[in-house]
Amino acid sequence: AQKADSVKYIKAGRFVDVEKGRVLANQVIWIDHDTIKAVGSTIVIPAGAKVIDLSGATVMPGLIDCHTHLTSQPGENYYEDIFRKTPVDMAIVAPVFAKRTLEAGFTTCRDVGASAFVDVALRNAINRGDIPGPRLLVATLFIGSTGSHGDLNGFSPYIEWVGPKQMSGVANGVEGVRAQVRYNIKYGAEVIKFGASAGVLSEETSVGAPQFTQEEMNAIVDEAHLWGLRACAHAHGTIAIKMAVKAGVASIEHGSLLDDEAIALMKEHGTYLVADIYDDDYILSDYAKHGTPEKIIAKERLVGREQRLSYQRAVNAGVKIAFGTDAGVYPHGWNGKQFRYMVKFGLSPMQAIQSATISAADLLGWKTKVGSIAPGKFADLIAVKNDPLADITALENVPFVMKGGEVVKNELGVK
Ligand code: ARG
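On a predicted model such as this, the values are computed, not experimentally measured, just so you know.

**Section: the overall build of the chain**
Step number 1: Secondary structure assignment for the chain yields 13 helices and 16 strands.
Step number 2: Taking 22 Å as the expected radius of gyration for a compact globule of 415 residues, we find that the chain reaches 21 Å, a close match to that expectation.
Step number 3: Looking at the chain as a whole, 57% of its 415 residues qualify as buried.
Step number 4: Here the chain has roughly 16200 Å² of accessible surface; of this, 53% comes from carbon and sulfur atoms.
Step number 5: The averaged location of the 46 negative side-chain charges in the chain is 6 Å from the averaged location of its 43 positive side-chain charges.

Written as structure tokens, this is what we have:
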């Protein structure tokens, strides 16, 4: 923010108006420091003013990924990562991942689970301007029951995370989960993430089983609300999804096994679906090579395709959709690869763009700051040469990125 100390004007040949769901020709975006001052076709650019000429490109808001884990990504070896890496390793690589994500066009992320408050340190360093990265809304520790997706499973009882308070958010019982929510908030959580069901990339057997009681889920969400925060639930299984929706989460993450009742409940409660529907490709093609146990890959085979069909049914029923990819399951910076699936399984290209801009901002509670190119919001925007409304894969390689009025990537050759 300190470096963006100038007024500038962007000429946008095509401008994606995500609020109204339309594309406008030849708009001028007036930027003052890190903020958008005005947008329109009649803005007069003063002589000698700084102009960024994107009249040959499509300009749209910076993208938002509502489900990232910027502190890790798959390494060479599954067990190596578990046994030989510490939060210090994560802290060293997180800035690299944050930069890649920003350069992929994602100017904001909701980071939903990290060890040892590395996400808080990362967010703070980015906000200070020490390192480049997206704006982050962070969850800190994933809250899960003993033996859940949020715990370390499948090993001897002699092996467990040292300093469990820092490494994991394992908590049980109404009192226990309330205490864990407070602990997370004390050290920087801005959203509360918990495991409503089991998971894929952990060693519990049943991917769909609920891992908290209804009372525990209610307590987590209620406690988050007391502190003015929202909660989101990792949930693959149908029963767990319904329990989390009833508890009042803002979003269901994954949402792999939706039935009609779950979809109806999500509509009734206005719950967002954040479905990471690209991951299946990467897990099935790459994870076995790196020593991931077969039982984990088998779980992916169970849910991966089902998840896409669940997503499709949810889209058709009109469930609110926000873009989230579980980046960190696949290499950071590839976030845009999910767009083609968002479209293949039901959204129009405009709706897919809205899911990663205005709707995502709504889910984060950041609509006044990000999510569209509008007066008073941060000057976070991207530009692509081709028309993403004609071919959504244009968003897989974003050549121009501005965050807070500063150009962070410019491969369009514009001055
Ligand atoms: N973190 C998630 C889990 O382990 C990843 C699920 C990926 N698979 C999928 N089909 N989306 O449960």
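There is more to say after this.
**A look at the environment of Thr68**
Step number 1: Inspection of the secondary structure puts Thr68 in strand β5 (residues 63-68).
Step number 2: The class of Thr68 is buried, set by a relative accessible area of 0%.
Step number 3: Separated by 267 residues in the primary sequence, Thr68 and Asn335 have C-alpha atoms spaced 9.1 Å apart.
Step number 4: Non-local contacts of Thr68, meaning those with residues more than four positions away in its chain, are made with Cys109, Arg110, Asp111, Val112, Ala327 and Asn335.

**Some points on helix α7 (residues 238-247)**
Step number 1: Counting buried residues in α7 gives seven out of ten residues, a clear majority hidden from the surface.
Step number 2: Of all the residues in α7, the buried ones are Ala240, Ile241, Lys242, Met243, Ala244, Val245 and Ala247.
Step number 3: Buried residues belonging to α7 abut β10 (191-195), α6 (214-226), β11 (230-235), β12 (251-254) and α8 (260-269).
Step number 4: Phi for Gly248, located one or two positions after α7, is positive at around 105°.

**Examining the packing of helix α2 (residues 87-103) against helix α3 (residues 118-128)**
Step number 1: α3 packs onto α2 with a crossing angle of 40° between their chain directions and a minimal axis gap of 10 Å. Considering their axes alone, α2 and α3 lie oblique with respect to each other. As for how α2 packs across α3, the hand of that crossing is right-handed. Contacts between α2 and α3 involve Pro87, Met90, Ala91, Ala94, Pro95 and Ala98 on the former and, on the latter, Val118, Leu122 and Ile126.
Step number 2: Of the residues that constitute the contact of α2 with α3, the class distribution is nine nonpolar, no polar and no charged.

**Structural notes on the domain arrangement of the chain**
Step number 1: When the domains of the chain are assigned, the result is domain 1 (7-62 + 372-410) and domain 2 (63-364).
Step number 2: Taking only C-alpha atoms, the centre of domain 1 and the centre of domain 2 are 30 Å apart.
Step number 3: Taken residue by residue, the interface counts 27 residues in domain 1 and 25 residues in domain 2.
Step number 4: Each partner contributes to the roughly 2100 Å² buried at the junction of domain 1 and domain 2, and carbon and sulfur atoms together form 68% of this total.
Step number 5: By the criterion of area lost to domain 2, the three top residues of domain 1 are Ile392, Glu396 and Lys403, representing 29% of everything that side buries.
Step number 6: At the boundary of domain 1 with domain 2, the tally comes to two salt bridges.
Step number 7: Taking the shortest distance from any N to any O, the salt bridge between Arg135 and Asp380 comes out at 2.7 Å.
Step number 8: Along the contact surface separating domain 1 from domain 2 lie six residue pairs in polar contact (both at pLDDT 80 or more).
Step number 9: If you list the elements that add at least two residues to the side of domain 1 that touches domain 2, you get β2 (22-32), β4 (50-61), β15 (400-403) and β16 (406-410).
Step number 10: Looking at the side of domain 1 that touches domain 2 element by element, the count peaks at three residues for β15.

**Describing the environment of Ala356**
Step number 1: Within the element layout of this structure, Ala356 appears in the loop between α12 (349-355) and α13 (358-364).
Step number 2: Residues Ala356 and Ala219 lie 137 residues apart in sequence; the distance between their C-alpha atoms is 30 Å.
Step number 3: Ala356 has contacts with Gly62, Leu63, Ile64, Phe323 and Phe339, leaving out every residue within four places of it along the chain.

**A look at the sheet that holds strand β7 (residues 135-138)**
Step number 1: Strands sit in the order β5-β6-β7 across an open sheet of three strands; the sheet is parallel. Among the strands making up the open sheet, the edge pair consists of β5 and β7. Strand-to-strand twist of the sheet, defined as the mean angle between neighbouring strand axes without regard to direction, takes the value 15°.
Step number 2: In this structure, strand β6 (residues 106-111) lies alongside β7, joined through four bridges in parallel fashion. What sits directly across from Thr108, in β7, is Arg135.
Step number 3: The strands touched by α3 are β6 and β7; relative to β7, the strand with the most contacts, the crossing angle is about 155°.

**Details of the pattern of salt bridges**
Step number 1: Scanning the model with the defined rule gives 20 salt bridges in all.
Step number 2: The residue Lys242 makes a salt bridge to Glu261 at a minimum N-O spacing of 2.7 Å. Within this pair, whereas Lys242 is found in helix α7, its partner Glu261 is found in helix α8, the two being separated by 19 residues in sequence.
Step number 3: With relative accessibility at 13%, the residue Lys242 sits in the buried group.
Step number 4: Taking relative accessible area as the criterion, Glu261 reaches 45% and is therefore assigned partly exposed.
Step number 5: Taken together, the shared-partner salt bridges connect Arg178, Arg182, Asp222 and Glu223 into one network.

**A look at the site of the ligand**
Step number 1: Within the structure, the ligand sits among 14 residues, and Leu201, His236, Asp276, Glu300 and Asp326 are positioned closest to it.
Step number 2: Asp276 has a polar side-chain atom sitting 2.8 Å from a nitrogen atom of the ligand.
Step number 3: In the environment of the ligand, a nitrogen atom lies 2.9 Å from a nitrogen or oxygen atom belonging to the side chain of Gln307.
Step number 4: Relative to its unbound accessible area of 340 Å², the ligand is 96% covered by the protein chains.
Step number 5: Elements supplying a minimum of two residues to the shell around the ligand: α9 (279-286) and α10 (294-317).
Step number 6: The element that contributes the greatest number of residues to the shell around the ligand is α10, accounting for three residues.
Step number 7: Looking at the shell around the ligand, its residues break down into three nonpolar, seven polar and four charged.

Parameters at a glance
Residues numbered from 1 in each chain as written. Predicted model: local features only at pLDDT ≥ 70, side-chain atom pairs only at ≥ 80, totals over all residues. Heavy atoms only, no water. Helix = DSSP H or I, 4+ residues; strand = E, 2+ residues; numbered from the N terminus. Rg over C-alpha atoms; globule rule 2.2 N^0.38 Å. Buried < 20%, exposed > 50% of the residue type's maximum accessible area, 1.4 Å probe, protein only. Areas by Shrake-Rupley, 256 points an atom, 1.4 Å probe, with all protein chains shown as cover. Lys, Arg positive; Asp, Glu negative; His and termini not counted. Charge placed at Lys NZ, Arg CZ, Asp CG, Glu CD. Contact = heavy atoms within 4.5 Å. Axes fitted to C-alpha atoms, helices over the stretch in contact; angles between N-to-C directions. Parallel < 35°, antiparallel > 145°, perpendicular 65-115°, else oblique. Left-handed = near helix turned anticlockwise from the far one by under 90°. Nonpolar A, V, L, I, M, F, W, Y, C, P; charged D, E, K, R; others polar. Domains from an automatic or database assignment. Buried area = accessible area lost by both parts, 1.4 Å probe. Salt bridge = Lys/Arg side-chain N within 4 Å of Asp/Glu carboxyl O. Polar contact = N/O pair within 3.5 Å; in protein donor to acceptor, adjacent residues only side chain to side chain. Pairing = 2+ DSSP bridges. Near = heavy atom within 4 Å.

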